[in-house]
Amino acid sequence: MQLALSEEDQKFREEVRTYFTTEVPQDIRTAVEEGRELSKDQIVESMRALNRGGLAVPHWPEEWGGRGWSELRRHIWHEEMQAACVPVPLAFNASMIGPVIAQFGSQEQKERFLPATANCDIFWSQGFSEPDAGSDLASLRTTAVLDGDDYVVNGQKTWTTLGQYGDWIFTLVRTNPDVKKQAGISMLLIDMRSEGLEVRPIELIDGGHEVNEVWFDNVRVPAENMVGEPGSGWTQAKFLLGNERVGVAPVGATKRVLARAKEIGAEVLADDPLLRARVAELENELLALELTALRVAAHSAGGEPHPASSVLKLRGTELQQAVSELVVDLAGPAVLGSGDGGDDLDWYRRSTPIYLNLRKASIYGGSNEVQRQIISRGILGL
Amino acid sequence: MQLALSEEDQKFREEVRTYFTTEVPQDIRTAVEEGRELSKDQIVESMRALNRGGLAVPHWPEEWGGRGWSELRRHIWHEEMQAACVPVPLAFNASMIGPVIAQFGSQEQKERFLPATANCDIFWSQGFSEPDAGSDLASLRTTAVLDGDDYVVNGQKTWTTLGQYGDWIFTLVRTNPDVKKQAGISMLLIDMRSEGLEVRPIELIDGGHEVNEVWFDNVRVPAENMVGEPGSGWTQAKFLLGNERVGVAPVGATKRVLARAKEIGAEVLADDPLLRARVAELENELLALELTALRVAAHSAGGEPHPASSVLKLRGTELQQAVSELVVDLAGPAVLGSGDGGDDLDWYRRSTPIYLNLRKASIYGGSNEVQRQIISRGILGL
Amino acid sequence: MDFSYDDEQTALRDATRGLVGKAYADWESRRRAVADDPGFDEKLWTQMAEMGLLGLPFSEDDGGVGAGPVEVAIVCRELGRVLAPEPYLGSVVYAGGLVAAVGTPEQRQEVLGGLASGESVLAFAHDEPGRRTSASAHDVTASAEGALTGTKEGVLHGARADVLVVSAALEGGGTGLFLVSGDALAGVQREGYSLPDGGRAARVTFDGTAATPLGEAGADVTSSIARVQDLTRIMAANEALGVMQTQLAATVGYLKSRKQFGVTLNTFQALTFRAADMYTSQELTHSLVDWATMVVEAGDPDALADAAARVSLQVSRAGRHIGQETIQLHGGIGVTAEYNVGTFTSHLTVLDHLLGDGGHQLRALDQRLTSYAAIDPLDVA
Amino acid sequence: MDFSYDDEQTALRDATRGLVGKAYADWESRRRAVADDPGFDEKLWTQMAEMGLLGLPFSEDDGGVGAGPVEVAIVCRELGRVLAPEPYLGSVVYAGGLVAAVGTPEQRQEVLGGLASGESVLAFAHDEPGRRTSASAHDVTASAEGALTGTKEGVLHGARADVLVVSAALEGGGTGLFLVSGDALAGVQREGYSLPDGGRAARVTFDGTAATPLGEAGADVTSSIARVQDLTRIMAANEALGVMQTQLAATVGYLKSRKQFGVTLNTFQALTFRAADMYTSQELTHSLVDWATMVVEAGDPDALADAAARVSLQVSRAGRHIGQETIQLHGGIGVTAEYNVGTFTSHLTVLDHLLGDGGHQLRALDQRLTSYAAIDPLDVA
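Reading the values: rules and limits
Residues numbered from 1 in each chain as written. Chains lettered and ligands numbered in written order. Predicted model: local features only at pLDDT ≥ 70, side-chain atom pairs only at ≥ 80, totals over all residues. Heavy atoms only, no water. Helix = DSSP H or I, 4+ residues; strand = E, 2+ residues; numbered from the N terminus. Rg over C-alpha atoms; globule rule 2.2 N^0.38 Å. Buried < 20%, exposed > 50% of the residue type's maximum accessible area, 1.4 Å probe, protein only. Contact = heavy atoms within 4.5 Å. Buried area = accessible area lost by both parts, 1.4 Å probe. Salt bridge = Lys/Arg side-chain N within 4 Å of Asp/Glu carboxyl O. Polar contact = N/O pair within 3.5 Å; in protein donor to acceptor, adjacent residues only side chain to side chain. Nonpolar A, V, L, I, M, F, W, Y, C, P; charged D, E, K, R; others polar. Pairing = 2+ DSSP bridges. Least-squares fit on C-alpha atoms with pLDDT ≥ 70 in both. Domains from an automatic or database assignment. Expected span 1.5 Å × (residues − 1). Axes fitted to C-alpha atoms, helices over the stretch in contact; angles between N-to-C directions. Left-handed = near helix turned anticlockwise from the far one by under 90°.

Colleague: Would you take a moment to explain the overall build of chain A for this structure?
Modeller: Secondary structure assignment for chain A yields 13 helices and eight strands. For chain A, whose C-alpha radius of gyration is 21 Å, the value lies close to the compact-globule estimate of 21 Å for 382 residues. With respect to the three principal axes, the spread of C-alpha positions in chain A is 70 × 50 × 45 Å. Across the 382 residues in chain A, those meeting the buried criterion constitute 62%.

If you want it as structure tokens, here you go:
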């Protein structure tokens, strides 16, 4: 057991920290710090800045831009990025479809998609959930029927985050209705400019439109855009969702918000022992979570996530939500304020929409109920 | 809607308060105040003192000692009793078997048992749970086979609280193994001095022996001691358990403990805003519970408990446990102390055994999981 | 002690539900109402006036109906049940309550008469940017001549209001109340904005604005403001209870109908137990809200302050519990604006911070903690 | 940063488990061991000495093994897993830690040598009746000549101990440490009693008792006491983690095997989800406990105090969560002494209050809250 970083890891840490704070544009980092929504350009620009330094997709196979880092280094990279207010690389590209194509794609697909994905030349969207297939993904109903060299896709996806920015969408579709639910599912990559594909925004309770419905009306997709064999989509989906959970505990970002809350709320906190106690307690829980991420990372082997990674998603989103709730309480009457009169009041005003928006954190990407199921069945054998 | 008590209810309140504080021996009330275990004699003596004044079984039919009070008066009686540190009438007698015999018993049974039950001339025990039939009562296995004029009883009951003091025990037994689980169950009253009946104490984590196993080895019970028809025991059990829940929220006693904690812990509390906040929060939750008891009581009709009475049991035991945990925290290092050096230190020393003992509160008498089931199915229709 | 409504109260509840509940029976009506300024349905407001709801708490001499707090609470709860955006709480209960408490007979007649008839909307301009909840004004000041200077925030429906009640620090110390309307109001800078729940508030800036003292000129009315704030807290709690009732019902309905993994969600015990806990929260809140409403009627100001803190604490805790669980148990659609439950949670959040959240109340209760041994809700002789 | 054991550490864990885990493999052995004084198994204690466990943290010069905190933590965790009642924490970690920190070379050799060999049991007499947790002595005083007067409480294994380490308020101010043994100890009034978890403690009264200063006479060693208390907190956390691991395993096993309503309990999702939350608590605690143990090894006293408070807070919260849920999910048998889980919860409660519970730690952390922006566990350069 060893607390300190090795000299090499220490040096690595300083290098990435320097890169993040000098190579990623300040305006983007300020927007992140203030909890503002990023534009598509900002997301793309930031990811390209990372990719230039080889810091966008370090966990991919080395052939495609990966770095072969230890889990500890990946953790350092991830935390430093968040501490520096650098947007983490677009998850749909870096954590989801990239690794899937690298693992299951044909050589042509790899060459065509992976470099563009790493550099965010393609902005990917995710097309998994459907109105009647939320946590129960396997009951999806969007169909893809082979017609000549094309699949013809019909159906509807929903909860497509940032779908309004998407160039391509990776989807799960039913290619065979006659076999067991999971067995008839395939993964199809679809150009979002295709005829018959329509993106419709969904308004959320915070007034934003970051999620969308995506409708497919006889959309023709070349058969070569299928990842792997027909019917193998469930395998790829499980692989993807497993990866999704690993990086998902937003410890660094949550720590940053809490640090900012301490700073902006200093006067209120000085006067209120109950709020101070909540801050201290949350800091401790975040520390425990961060250490768990380190401990679990060290035990992940061969690409298979440690089963305890469900703990990271579950607890990470709970703490993210708890911190957002604390900020609302620091804001107090400023919840009803105009936000005029300085950055602090503006931040306070935005605290409630952010708090409300983050209720989704425990629903999207495998709800916390699903995570509890994974823990109780997969880990505890219950 | 009306906040204040009517003049008559006000007067009623003063009367019962006077009775409780003058007619129930001081040594018994002091023992209750200090949270000590009562002896059998103290339990009996206290109940007889109440019965003399018509205050032991006011909710029974008037013919058998009931008073025909409004639900509000019953509430006042119950709260004043607890506030005055008077032990509530032995539940097995007053709340459980008494009402069952009054409702389902034969005239002979009523005459034989009810006056003696009200006066605690018979100290009743409860024989429902079995080692393999806890929350799932209907799977009980103790059998009663008719042999001439007697039932011959074999089997084992457990969790029999105060069984070491019991004169008689009311039991659920299986009289017909060939019908659906519930249908084969009957209620039998058994003299605990019968041959073949043995009471064995169970040691609890607080070191006490308040619960017992009761073993039946060919115990002969006159058939006349069956309540109602053979096979009707499930009906009577449901009636009994419904009644049990109504009076079960120990609001007054919990309030008393919290008030004592404020007094004894005054110095610690003055110095600790977090503990003070816990006290204030618990007081508020107890107030909400007490008001709910009043509100629910007013809507109970015709002996059928209001479905929300499950809330009283659920929340009442949670708060009872939370207050006991608070006392442990007030005790702090005194948890490891000898208890010597004054009443306060002695009270603190006993706080941990009491806290541990009270973990049973959410298990016995219909676990809180059972209560949640009742609420979600019975009230919400889920 | 009696928790039941009498016949007239039941009739009032049914009539209010008939009007307001019907107007907002479908969620789209409410979304439309808050889409454009003034953020509520002026026609419905007039109908509420015609039904006598807007004059409910005011004496007949002042143009009101002379009903009690139980009746006002009934209206607030019904408004909460459908998330009606009409400015009842801010205009009738809060601003109107201050005029009734502090105004001269002439002011009461004029201002409350106009409010009750639906002619004018009132707003109380009190909170100041960067300040915590209190009963005093600090940064908005009144000169000896009654000219107001400074900025108020979070003024509920302040841009739409025809009459502003304004609190200001007095030169001689303490806080006074003032009326600003007509031409003087036209000169005031008012920037309306939307709250997270779709409601409306305004930032109001005075710059030597001419104002009429409400009641006796120069008098410190901090305690009156505190009392009306307590009253408003209790009515806000009634509104919040209405919100929670709708949320629990929606959640139960959703669990019964929504299918996942081939079965309805109520097959999953982990979810139904959470609904049971929501029910428990709701019932406990209901009891405390009813009790606090009765305390208003009983009239003791110390008891009022205590009850207001207690019910606000409970509503804060239960509102977060029920609001958060409602969204979680609904899953994805719970966070959309197209479905109602998310906005209900948003409204609970706004109400929670209107006059101090649970933590604020807990600290108020902490001050009194040693002044009694145990709380006795029946001891109100 | 590395959370894994090396081969020797793994071997130590296996050996300790082989000895202690085997000795208390069945619950009845532990019940027997605590039934009569001294409340532990003297033979096992001797075996632990023979295996080198009792001298683990002490230097070879002092008769010890010269191992580090990770090794001591391994032993504590294994003791926790079976609730071994041997006085390791109180005697080796706490009292022994003080002798190692403050004693003269001669005292260390003599006292620690005796401890390591199993010849003598040590106890630290520090807590005083009616006082909260602190690093100072107040009511037990030492005269200039080193005579002790006053009463100590909660002295772990104080009745059985052969050597008492005693804290006392010095005439010149501050707190000093003293050794009491042999004839002087024979004259001390010691009343042993059982703790709620079956462990042993004593009330010890000094009345002009002759005592030898530990280390330099007259020196204020409050900060050394604080440091050893922090060390003890972290080792207690390791012990508590062992307890929780056993409780979770027992709960999972019970849910899989116990039948109700004709099916095993793991059929009920509400119960399995609660087990999942217990697992989450356990894993988070595990991480923090390992980290704090590594902080001890790193040696910075400020970092040690911080880590001790943090891990104690986490253990307090998780211990209550897991301890209470274990009983609840076991139902009736969970509160019996014949089944082990209840006593495990009892032990967690005792450990929680040994050196300040979660609330106590939270207030300690509160003091430092503004001295940093965010916690960085990797920043230990």
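Back to the write-up after that little detour.
Colleague: Help me understand the interface of chain D and chain C, please; the structure alone is not making it clear to me.
Modeller: Put simply, an interface is often sized by how much accessible area is lost when its parts join up. At the junction of the two partners, chain D supplies five residues and chain C supplies five residues. In this assembly, chain D packs against chain C so that about 390 Å² is buried in total across both faces, 61% of it on carbon and sulfur atoms. Where chain D touches chain C, the interface holds zero salt bridges. At the junction of chain D and chain C, the tally comes to two residue pairs in polar contact (both at pLDDT 80 or more). A per-class count over the side of chain D that touches chain C returns four nonpolar, one polar and no charged.

Colleague: I'm lost on the pairing of strand 3 (residues 150-161) of chain A in this one. Help?
Modeller: Residue and element names in this part refer to chain A. Where strand 2 (residues 143-147) meets strand 3, five bridges bridge the pair, whose relative direction is antiparallel. When the sheet's bridge partners are listed, Leu-146 is paired in strand 3 with Tyr-151. Between strand 2 and strand 3, which pair antiparallel one after the other, the connecting turn spans two residues, and Gly-148 there sits at a positive phi close to 70°. Pairing between strand 3 and strand 7 (residues 211-222): nine bridges, direction antiparallel. Pairing of Thr-160 across the sheet is with Asn-212, part of strand 7.

Colleague: Help me out: how do you make sense of the pattern of salt bridges in this one?
Modeller: Oppositely charged side chains may form a pair once their charged atoms are brought near each other. On inspection of all chains with the given rule, the structure shows 116 salt bridges over all chains. Note that Asp346(B) and Arg36(B) form a salt bridge whose closest N and O atoms lie 2.6 Å from each other. Taken together, the residues Asp346(B) in helix 12 (residues 343-357) and Arg36(B) in the loop between helix 2 (26-33) and helix 3 (40-52) connect sequence positions 310 residues apart. A single salt-bridge network, built from bridges that share partners, covers Arg278(A), Glu325(A), Asp329(A), Arg320(C), Asp352(C) and Asp357(C).

Colleague: Is there a simple way to explain the interface of chain D and chain A in this structure?
Modeller: Counting residues at the interface gives 49 residues for chain D, matched by 42 residues for chain A. Contact between chain D and chain A buries roughly 4300 Å² in total, counting both sides, with carbon and sulfur atoms accounting for 66%. Taken as a group, Met1(D), Tyr279(D) and Leu378(D) account for 16% of the area that chain D buries against chain A, more than any other trio of residues on that side. For Arg13(A), the salt bridge is made with Asp376(D), and the minimal N-O distance between the two is 2.5 Å. Along the contact surface separating chain D from chain A lie 17 residue pairs in polar contact (both at pLDDT 80 or more). Mapped onto the side of chain D that touches chain A, the elements with two or more residues apiece are helix 8 (222-257), helix 9 (269-298), helix 10 (301-330) and helix 12 (358-368) of chain D.

Colleague: Would you explain unusual backbone geometry in this entry?
Modeller: As a rule of thumb, non-glycine residues mostly have phi less than zero, and peptide bonds are mostly trans rather than cis. Of note, the amide linkage connecting Asp37(C) to Pro38(C) takes the cis form, showing an omega dihedral of 5°. Tracing the backbone shows Pro38(C) in the loop between helix 2 (27-35) and helix 3 (42-50). Phi at Phe261(D) takes a positive value of approximately 55°, unusual for a residue other than glycine.

Colleague: Explanation requested: the side chain of Ser186(B) in the structure shown.
Modeller: All names here are of chain B. With respect to the helices and strands, the residue Ser-186 is situated in strand 5 (residues 185-191). Within polar-contact distance, the side chain of Ser-186 engages the backbone nitrogen of Gly-231 at 2.8 Å. When sequence neighbours within four positions are dropped, the list of residues in contact with Ser-186 reads Thr-171, Leu-172, Val-173, Thr-175, Met-226, Pro-230, Gly-231 and Gly-233.

Colleague: Sorry if this is basic, but what is going on with the relation of the copies chain D and chain C here?
Modeller: Taken together, a rotation about one axis and a shift along it account for how the two chain copies relate. Each copy of the sequence occupies a distinct position, and chain D is placed on chain C by a rotation of 180° and an axial shift of 0.0 Å, giving an RMSD of 0.0 Å. Look at the turn and shift together and you get a two-fold axis relating the two. Closest approach to the rotation axis among the C-alpha atoms of chain D is made by Ala270(D), whose C-alpha sits 1.9 Å away. The share of interface residues of chain D whose copies in chain C are also at the interface is 100%, consistent with both copies meeting through the same surface.

Colleague: Teacher, can you tell me more about the domain arrangement of chain A here?
Modeller: Along its sequence, chain A is organised into domain 1 (7-89), domain 2 (124-231) and domain 3 (245-378). One C-alpha centre belongs to domain 1 of chain A, the other to domain 2 of chain A; they are set 30 Å apart.

Colleague: Help me understand the domain arrangement of chain C, please; the structure alone is not making it clear to me.
Modeller: Residue and element names in this part refer to chain C. For chain C, the assigned domains are domain 1 (7-116), domain 2 (122-213) and domain 3 (222-371). If you look at the interface, domain 1 gives 22 residues, while domain 2 gives 16 residues. Across the interface of domain 1 and domain 2, roughly 1500 Å² is buried in total on both sides, 64% from carbon and sulfur atoms. In terms of surface lost to domain 2, no three residues of domain 1 exceed Leu-98, Gln-107 and Val-111, which account for 26% of the buried area on that side. For the interface between domain 1 and domain 2, the tally reads two salt bridges. Arg-200 is the salt-bridge partner of Asp-37, the closest N and O atoms lying 2.8 Å from each other. Our enumeration of links across domain 1 and domain 2 arrives at seven residue pairs in polar contact (both at pLDDT 80 or more).

Colleague: Help me understand helix 6 (residues 107-118) of chain B, please; the structure alone is not making it clear to me.
Modeller: Residues three or four positions apart in an α-helix share a direction because the helix packs 3.6 residues into each turn. Residues and elements named next belong to chain B. Taking 1.5 Å of rise per residue, twelve residues should cover 16 Å, and helix 6 covers 16 Å from first to last C-alpha, within 8% of that figure. Considered for burial, the residues of helix 6 that qualify are Gln-109, Lys-110, Phe-113, Leu-114, Ala-116, Thr-117 and Ala-118. Along its buried surface, helix 6 packs onto helix 3, helix 5 (91-104), strand 1 (124-127), strand 4 (168-174), strand 5 and strand 8 (226-227). Positioned one or two residues after helix 6, Cys-120 has a phi angle of 60°, which is positive.

Colleague: Can you walk me through the packing of helix 11 (residues 309-331) of chain A against helix 13 (residues 368-379) of chain A in this structure?
Modeller: The geometry of a pair of packed helices is captured by two quantities: the angle between their axes and the separation between those axes. Residue and element names in this part refer to chain A. Running from amino to carboxyl end, helix 11 crosses helix 13 at an angle of 145°, the nearest separation of the two axes being 9 Å. Handedness of the crossing formed by helix 11 with helix 13: left-handed. Note on element contacts: helix 13 touches helix 11 through Asn-368, Gln-371, Arg-372, Ile-374 and Ile-375, opposite Ser-310, Val-311, Lys-313, Leu-314, Thr-317 and Glu-318.

Colleague: Can you help me understand helix 10 of chain D in this one?
Modeller: Residues and elements named next belong to chain D. Here helix 10 is 30 residues long and its end C-alpha atoms lie 42 Å apart, about the 44 Å a rise of 1.5 Å per residue gives. Of all 30 residues making up helix 10, 24 are buried, and the element is well covered by its neighbours. If you check the start of helix 10, you find a side-chain oxygen 2.9 Å away from the backbone N of Asp-302, and it comes from Asp-300. Looking one or two places after helix 10, you find Gly-331, whose phi comes out positive at around 70°.

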